[in-house]
There are 2 protein chains.
Amino acid sequence: MAHLLGGIEAGGTKFVCAVGDENGNIQKRVKFPTTTPEETMKEVFAFFDQYEVEAIGIGSFGPIDINPESPTYGYVTDTPKLPWKNYNFLGAMKARYDIAYEWTTDVNVAAYGEYKKGAGVGKDNVLYATVGTGIGVGYISHGELYRGRSHPEGGHILMQREAGDDFAGVCPYHGACLEGLAAGPAVERRAGKKGDQLLSTDSVWETEAFYLAQACMTYTLTFSPDVIIFGGGVMKQKQLFPMIRENFLELMHDYVRVPDLDNYIVHVELGDDAGITGSLLAAADVLTK
Amino acid sequence: MAHLLGGIEAGGTKFVCAVGDENGNIQKRVKFPTTTPEETMKEVFAFFDQYEVEAIGIGSFGPIDINPESPTYGYVTDTPKLPWKNYNFLGAMKARYDIAYEWTTDVNVAAYGEYKKGAGVGKDNVLYATVGTGIGVGYISHGELYRGRSHPEGGHILMQREAGDDFAGVCPYHGACLEGLAAGPAVERRAGKKGDQLLSTDSVWETEAFYLAQACMTYTLTFSPDVIIFGGGVMKQKQLFPMIRENFLELMHDYVRVPDLDNYIVHVELGDDAGITGSLLAAADVLTK
Ligand SMILES: Nc1ncnc2c1ncn2[C@@H]1O[C@H](COP(=O)(O)OP(=O)(O)O)[C@@H](O)[C@H]1O
Ligand SMILES: Nc1ncnc2c1ncn2[C@@H]1O[C@H](COP(=O)(O)OP(=O)(O)O)[C@@H](O)[C@H]1O
Ligand SMILES: [Zn+2]
Ligand SMILES: [Zn+2]
């Protein structure tokens, strides 16, 4: 029997809301910019008021509180987007629609979408990293949305410097963490132009590949995934993939066995639909669990 | 009913074999140095030939192959201890004793021991790191020995340099990875003396605390554990703990919420017994699963 399900991909830049089925097929969708909770939630409600969905999967920018025993469960917590700081996102949704919810990160739903329908099909452990305005990491562990005490924030790990690189980094929290050194705004600051205006042969991509390869190394040595899937605006620079693989090989120095790199470090297959597709699929799961 | 169980903590320096019960109580144990597989396994067999154990938990140094579908499942794979490279450890055990086995890393069994009977009691997600001749990381995720495609090798992550530190690092694979910068041999090389001969106020401990705090940051941002437990010879320097906590706070810059640090970054409680205790407890589990 077909269920009508809802999905919200709540990114720091824009929201996507959709309704669809349990196979992640999107029937209707809307997009709007992320402004204040007041304005943005008005649009969310305007969309979902039109449908009778049985469950909603929410993938939110964060950090968010995903611990059901915490008094601030369902909140966006320490985000630099100040109007959202300590906002009870899940609470607001529940107050409007008394249905079942999945509550996780935007990158976790994208990881889940790729796991079920994209570059992660057939793998158990799928790491997804988006390299856009920020760097976010989602992880599927043995087919489940990974959570420890909280969710991964693997975009903010600190990095060994590339020889000769003294760029200070732009992360407001950590300066030269991965996001501070390699997200879109860092590329722009290093090169003096937005990423999409640079030649594919610009030397900034060598630096970019070095840091992204190092991130792959850290994820390999911690999570040990079956595949590392990259999405986000910066990864539209396809020339990065062979460069990352090459740097990864050199950095790892054969320390642990990894799959054939062409199948290990790969581009997202669902493109910009990974997150919203994963939200619908995650909503489907809460009905059956 | 009491079961007689076996445990092997196979470290790169020494082996510990024990028999005990399903609560991890050790009834008899032996220790001997890790030399060649031929010599070392002779001692292992001499010990276990004396008992009728129902299952054995093996925690081995590595990297090891823990993928049951792999043709080299049960092997030690790419270790720098050359006589053990590509040695079929589990296969040799099974050929001698046709019983049930748990096959995991030495640090995973130590993590499991601490989870069940030590500093991890009452927590779901327990990260254990030993800082000794090398740095090894074990992880218990929701009460289970963590595995992805393979096991964590979190001692070899690359690090942001402490300002002014230009020590080349001693890891034969990566030079200045965490192990190369902060394991016992790195301390000795930096300070010109073994760690146990240094004053607790030696400035080398400040550098040590910086890198171990940074490792805690990476583990927090990836696995997101409930507790980080440190063991191994170097961590006998108890003054390191407050220093690591202080550095951790500074590095994280309040980005994600963590527990009270006195209960988050802690010393192993079972001391040198963590690994062998965890081996017995893991052996008990294979009988009930
Ligand atoms: N083709 C491209 N090449 C390189 N960088 C790009 C490209 N397209 C977008 N970017 C950069 O990616 C960032 C936006 O990332 P994106 O994933 O599109 O959105 P967001 O992360 O905000 O959801 C910006 O910094 C932008 O400059
Ligand atoms: N009290 C101590 N203080 C500092 N370092 C120590 C101390 N005891 C041992 N070490 C160092 O720890 C390393 C040995 O680690 P250990 O955990 O005992 O064994 P292993 O890692 O070989 O199993 C050596 O480099 C040694 O110098
Ligand atoms: Zn950061
Ligand atoms: Zn190393």
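Please read all numbers here as calculations on a predicted model, not as lab measurements.

1. Here we look at the overall build of chain A
Assigned secondary structure in chain A consists of eight helices and twelve strands. Scaling as 2.2 N^0.38, a compact globule of 289 residues should have a C-alpha radius of gyration of about 19 Å, and chain A matches this with 19 Å. The dimensions of chain A, computed from C-alpha atoms along their principal axes, are 55 × 40 × 35 Å. Every one of the 289 residues in chain A was classed for burial, and the buried ones make up 59%. A total of about 11500 Å² of accessible surface is found on chain A, and carbon and sulfur atoms cover 47% of it. One way to put it: in chain A the 24 positive side-chain charges average out to a point 3 Å from where the 38 negative ones average out.

2. Side note on the coordination of the zinc ion (ligand 3)
Residue and element names in this part refer to chain A. Of the protein atoms, only His156 (ND1), Cys171 (SG), His174 (ND1) and Cys177 (SG) coordinate the zinc ion (ligand 3), at distances of 2.0 to 2.3 Å. Binding-site remark: the zinc ion (ligand 3) is held by donors from one chain whose sequence spacing is H-x14-C-x2-H-x2-C. One end of the pair, His156, is in the loop between β10 (144–145) and α4 (178–182); the other, His174, is in the loop between β10 and α4, with 18 residues separating them in the sequence. For His156, a relative accessible area of 3% corresponds to the buried category. The class for His174 is buried, based on a relative accessible area of 12%.

3. A word on the coordination of the zinc ion (ligand 4)
Surrounding the zinc ion (ligand 4) are the protein donor atoms His156 of chain B (ND1), Cys171 of chain B (SG), His174 of chain B (ND1) and Cys177 of chain B (SG), at 2.0 to 2.3 Å. Because the angles between the four donor atoms bound to the zinc ion (ligand 4) fall within 105 to 120°, the donor set is best described as tetrahedral.

4. Remarks on the interface of chain B and chain A
Contact with chain B, which involves 44 residues of that partner, is made by 44 residues of chain A. Interface area for chain B against chain A, summed over the two sides, is near 4000 Å², with a carbon-plus-sulfur share of 54%. Area buried by chain B at its contact with chain A is led by Arg149, Tyr255 and Arg257 of chain B, which between them contribute 21% of it. Scanning the region where chain B abuts chain A turns up two salt bridges. A salt bridge links Asp78 of chain A to Arg257 of chain B, with the nearest nitrogen and oxygen atoms 3.2 Å apart. At the surface where chain B touches chain A, the tally comes to 26 residue pairs in polar contact (both at pLDDT 80 or more). Those elements that place two or more of their residues in the side of chain B that touches chain A are β9 (135–141), α6 (204–222) and α7 (240–252) of chain B. In terms of residue count, α6 of chain B provides more of the side of chain B that touches chain A than any other element does, five residues in total.

5. Notes on unusual backbone geometry
A cis geometry characterises the amide bond from Gly62 of chain A onward to Pro63 of chain A, with omega recorded as 5°. Positionally, Pro63 of chain A belongs in the loop between β4 (55–60) and β5 (75–76). Unusually for a residue other than glycine, His253 of chain B sits at a positive phi of about 55°. Summarising the element assignment, His253 of chain B is placed in the loop between α7 and β12 (265–267).

6. Regarding the packing of aromatic side chains
In the structure shown here, the tally under the stated rule is 41 aromatic pairs over all chains. Three or more aromatic residues joined by ring pairs make a cluster, and in this case those are Phe15, Phe32, Phe61, Trp84, Tyr87, Phe89 and Trp103 of chain A.

7. Describing the sheet that holds strand β2 (residues 14–20) of chain B
All names here are of chain B. With mixed pairing, the five strands of this open sheet are ordered in space as β3-β2-β1-β4-β7. Strands with a single pairing partner mark the edges of an open sheet, and in this sheet they are β3 (26–33) and β7 (100–105). Along the sheet, successive strands turn relative to each other by an average axial angle of 15°, direction set aside. Where strand β1 (residues 5–10) meets β2, six bridges bridge the pair, whose relative direction is antiparallel. Bridging across to β2, Ile8 finds its partner in Cys17. Packing against the sheet, helix α1 (residues 37–48) makes contact with β1, β2, β3 and β4 (55–60), and its axis sits at approximately 15° to β2.

8. Structural notes on the site of ligand 2
Residue and element names in this part refer to chain B. Surveying the vicinity of ligand 2 reveals the residues Thr13, Gly132, Thr133, Gly184, Pro185, Gly195, Asp196, Gly232, Gly233, Val234, Lys236 and Gln237. In the model, an oxygen atom of ligand 2 is placed 2.6 Å from a nitrogen or oxygen of the Thr13 side chain. At 2.8 Å from an oxygen atom of ligand 2 is found a main-chain nitrogen or oxygen belonging to Gly233.

9. Quick notes on the site of ligand 1
All names here are of chain A. Taken together, Thr13, Gly132, Thr133, Gly184, Pro185, Gly195, Asp196, Gly232, Gly233, Val234, Lys236 and Gln237 make up the full set of residues near ligand 1. In the environment of ligand 1, an oxygen atom lies 2.8 Å from a nitrogen or oxygen atom belonging to the backbone of Gly233. Between a nitrogen atom of ligand 1 and a side-chain N or O atom of Gln237, the distance comes to 2.7 Å. Burial of ligand 1 by the surrounding chains reaches 71%, relative to a free accessible area of 570 Å². A per-class count over the shell around ligand 1 returns two nonpolar, eight polar and two charged.

10. Overview of the sheet that holds β12 of chain B
All names here are of chain B. Strand order in the open sheet made by the five strands is β10-β9-β8-β11-β12, with mixed pairing throughout. Edge strands, defined here as strands with exactly one partner in the open sheet, are β10 (144–145) and β12. Sheet topology note: the β9/β10 ladder contains two bridges and is antiparallel. Looking at the pairing, Ile140 lines up with Leu145 of β10. Packing of helix α3 (residues 106–117) onto the sheet brings it into contact with β8 (126–131), β9, β10 and β11 (227–231), and relative to β9 it is tilted by some 50°.

11. Things to note about the domain arrangement of chain A
Residue and element names in this part refer to chain A. Per the domain assignment, the segments making up chain A are domain 1 (5–109 + 272–288) and domain 2 (121–268). The partner domain 2 presents 18 residues to the 17 residues of domain 1 that form the contact. Counting each side, the surface lost to burial between domain 1 and domain 2 is near 1200 Å², with a carbon and sulfur contribution of 59%. When the buried surface of domain 1 facing domain 2 is broken down by residue, Ile66, Val107 and Asn108 rank first, second and third, together holding 50% of it. For the pair domain 1 and domain 2, the interface holds five residue pairs in polar contact (both at pLDDT 80 or more).

What counts as what
- Residues numbered from 1 in each chain as written.
- Chains lettered and ligands numbered in written order.
- Predicted model: local features only at pLDDT ≥ 70, side-chain atom pairs only at ≥ 80, totals over all residues.
- Heavy atoms only, no water.
- Helix = DSSP H or I, 4+ residues; strand = E, 2+ residues; numbered from the N terminus.
- Rg over C-alpha atoms; globule rule 2.2 N^0.38 Å.
- Buried < 20%, exposed > 50% of the residue type's maximum accessible area, 1.4 Å probe, protein only.
- Areas by Shrake-Rupley, 256 points an atom, 1.4 Å probe, with all protein chains shown as cover.
- Lys, Arg positive; Asp, Glu negative; His and termini not counted.
- Charge placed at Lys NZ, Arg CZ, Asp CG, Glu CD.
- Donors = N, O, S within 2.8 Å, 3.2 Å for Na, K, Ca; no water.
- Tetrahedral: all angles 85-135°; square planar, octahedral: opposite > 155°, others 65-115°.
- Contact = heavy atoms within 4.5 Å.
- Buried area = accessible area lost by both parts, 1.4 Å probe.
- Salt bridge = Lys/Arg side-chain N within 4 Å of Asp/Glu carboxyl O.
- Polar contact = N/O pair within 3.5 Å; in protein donor to acceptor, adjacent residues only side chain to side chain.
- Phe/Tyr/Trp six-rings, centres within 6.5 Å; stacked < 30°, edge-to-face > 60°.
- Pairing = 2+ DSSP bridges.
- Axes fitted to C-alpha atoms, helices over the stretch in contact; angles between N-to-C directions.
- Near = heavy atom within 4 Å.
- Nonpolar A, V, L, I, M, F, W, Y, C, P; charged D, E, K, R; others polar.
- Domains from an automatic or database assignment.

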